[in-house]
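# Tertiary structure, described
One letter stands for each residue in the lines below.
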Amino acid sequence: MNKDYDVIIVGGGPAALAAAVYTCRALLKTVIFEKKYLGGQLVGTELIENYPGFPEVISGVDLTQRMEAQAKRFGAEIRYEEVLKLGIENGLKIVTTDANTYASHAVILAAGADPKKLDVPGEKEFYGKGVSYCATCDGAFFRDKDVVVIGGGDSAITEGIFLTKYAKTVQIIHRRNEFRATKIYLDEAFSNPKIKVTLDTVIESIHGTEKVEGVVTQNVLTKEKKDIPCQGVFIFVGSVPNTGFLGNLLCVDTGCHIETNIHMETAIEGLYAVGDIRKNSYRQIATAVGEGVTAAIASEHKLAELKALSKVKK
Ligand code: NAP
């Protein structure tokens, strides 16, 4: 078992990278475990104009690269390993990855969330063949095409605006007649001639032969059904936290958000949760970063406390 690290961070999004800057600067040996790529959902975000310090728009990819460089500069180690399990033995957190087993007294859970699925016929079958959950990743494939965007939050609206760079038309379909999205984004979307908005409407199915050719919608008030021809279906209906590896340690079932106190500490001493995995998180990049920093400082204090009690040797 590898006991080299003072702090183990699970996940590699903005909360994790911010936490690592602080733990490393506090001279705590820190590892980040990331199963896919750094940045998490940030990588799929094209327009970021509300992250302090960047008065011009910055892309998620650029911001991730800056955060990675900063964390590495202070000595953060990044290991591309998937965390499969977390256990507790005498206060020590045992982290099992697909490559090794690690133990540490402080673990920060920053595993983020994955896009929520619509669960309609055709969604799974046409994933990668017109169905997408990431406009930044796939938008360029829809040059001069007609696309629909599902959802009414900031993701749907900002990604819908981004898609107008490529697509001929972008039809935003939302199940209610009010949006959750921020007014400034809505104003920009409504004034874009490529964007059309359809309210009180749900998607019943996605169809096509080899690739997406259209969606069947239903108006929830009139029950009227329509077949809307399109080549792309971009789904932004929220996210599901990545808590499966915790088993029933903190959650009764997978998909739950983890409760913490104001120090980001969970019900287990020395175990912190930050960002989209955390209950009541505001799910903003800036708040995720703040939560990561809070957990980093709290873990530094916790390790000092345990060291004073001689529970931690080094
Ligand atoms: P969200 O705010 O939870 O919005 C999800 C949207 O999907 C809602 O409009 C919801 O409709 C709809 N929806 C959920 N389940 C659905 C279903 N089964 N069928 C049809 N529609 C469904 O998620 P988000 O837009 O991903 O945003 C998440 C967080 O990230 C928010 O706090 C947001 O502010 C933040 N964010 C910020 C920015 C930015 O500022 N640049 C960009 C992206 C995200 P209802 O409204 O009817 O529930």
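Reading the values: rules and limits
- Residues numbered from 1 in each chain as written.
- Predicted model: local features only at pLDDT ≥ 70, side-chain atom pairs only at ≥ 80, totals over all residues.
- Heavy atoms only, no water.
- Salt bridge = Lys/Arg side-chain N within 4 Å of Asp/Glu carboxyl O.
- Helix = DSSP H or I, 4+ residues; strand = E, 2+ residues; numbered from the N terminus.
- Buried < 20%, exposed > 50% of the residue type's maximum accessible area, 1.4 Å probe, protein only.
- Phe/Tyr/Trp six-rings, centres within 6.5 Å; stacked < 30°, edge-to-face > 60°.
- Lys NZ or Arg CZ within 6 Å of the ring centre and 35° of its normal.
- Domains from an automatic or database assignment.
- Contact = heavy atoms within 4.5 Å.
- Buried area = accessible area lost by both parts, 1.4 Å probe.
- Near = heavy atom within 4 Å.
- Polar contact = N/O pair within 3.5 Å; in protein donor to acceptor, adjacent residues only side chain to side chain.
- Areas by Shrake-Rupley, 256 points an atom, 1.4 Å probe, with all protein chains shown as cover.
- Nonpolar A, V, L, I, M, F, W, Y, C, P; charged D, E, K, R; others polar.

The final tally for this structure, using the stated rule, is twelve salt bridges. Notably, a salt bridge pairs R278 with E291, separated by 3.0 Å at the nearest N-O pair. Here E291 lies in helix α6 (residues 285-308) and R278 lies in the loop between β18 (271-273) and α6, a separation of 13 residues in the sequence. The class of E291 is buried, set by a relative accessible area of 5%. For the salt bridge of E305 with K302, the shortest nitrogen-to-oxygen distance reads 3.6 Å. Placement of the pair is E305 and K302 together in helix α6, with a separation of three residues, close to one helical turn. Accessibility expressed as a relative area gives 40% for E305, which makes it partly exposed. When its relative accessible area of 12% is taken as the criterion, K302 is described as buried. Several salt bridges converge on common partners, so that one network encompasses K29, E77, R79 and E81.

Right, let's talk about the packing of aromatic side chains for a bit. Remark: the centre distance and the inter-plane angle together describe each pair of aromatic rings, the angle taken between the planes. Under the criterion given, the structure shown has seven aromatic pairs. Judged by centre distance (5.7 Å) and plane angle (40°), the ring pair of Y127 and Y133 falls under tilted. Taken together, the ring pairs in this structure connect Y5, F33 and Y102 into an aromatic cluster. Here R25 stacks its cationic end above the ring of F74, 5.3 Å away from the centre of that ring. Note that K117 overlies the ring of Y133, its terminal NZ or CZ placed 5.0 Å from the centroid.

In terms of domain boundaries, the protein breaks down into domain 1 (7-115 + 239-313) and domain 2 (131-235). Taken over C-alpha atoms, the centre of domain 1 sits 32 Å from the centre of domain 2. Taken together, the contact between domain 1 and domain 2 spans eight residues of the former and ten residues of the latter. For the pair domain 1 and domain 2, the summed buried area comes to about 770 Å², and 57% of that belongs to carbon and sulfur atoms.

This part is about the site of the ligand. Near the ligand lie 21 residues; those nearest to it are N50, D154, S155, R176 and R180. Between S155 and the ligand, the recorded distance is 2.7 Å, taken from a side-chain N or O atom to an oxygen atom. Within the contact set of the ligand, an oxygen atom lies 2.7 Å away from a side-chain nitrogen or oxygen of R180. Relative to its unbound accessible surface of 910 Å², the ligand loses 82% to contact with the protein. The residue makeup of the shell around the ligand, split by class, is six nonpolar, nine polar and six charged. Shared between two domains, the shell around the ligand takes at least three residues from each, and those domains are domain 1 (7-115 + 239-313) and domain 2 (131-235).

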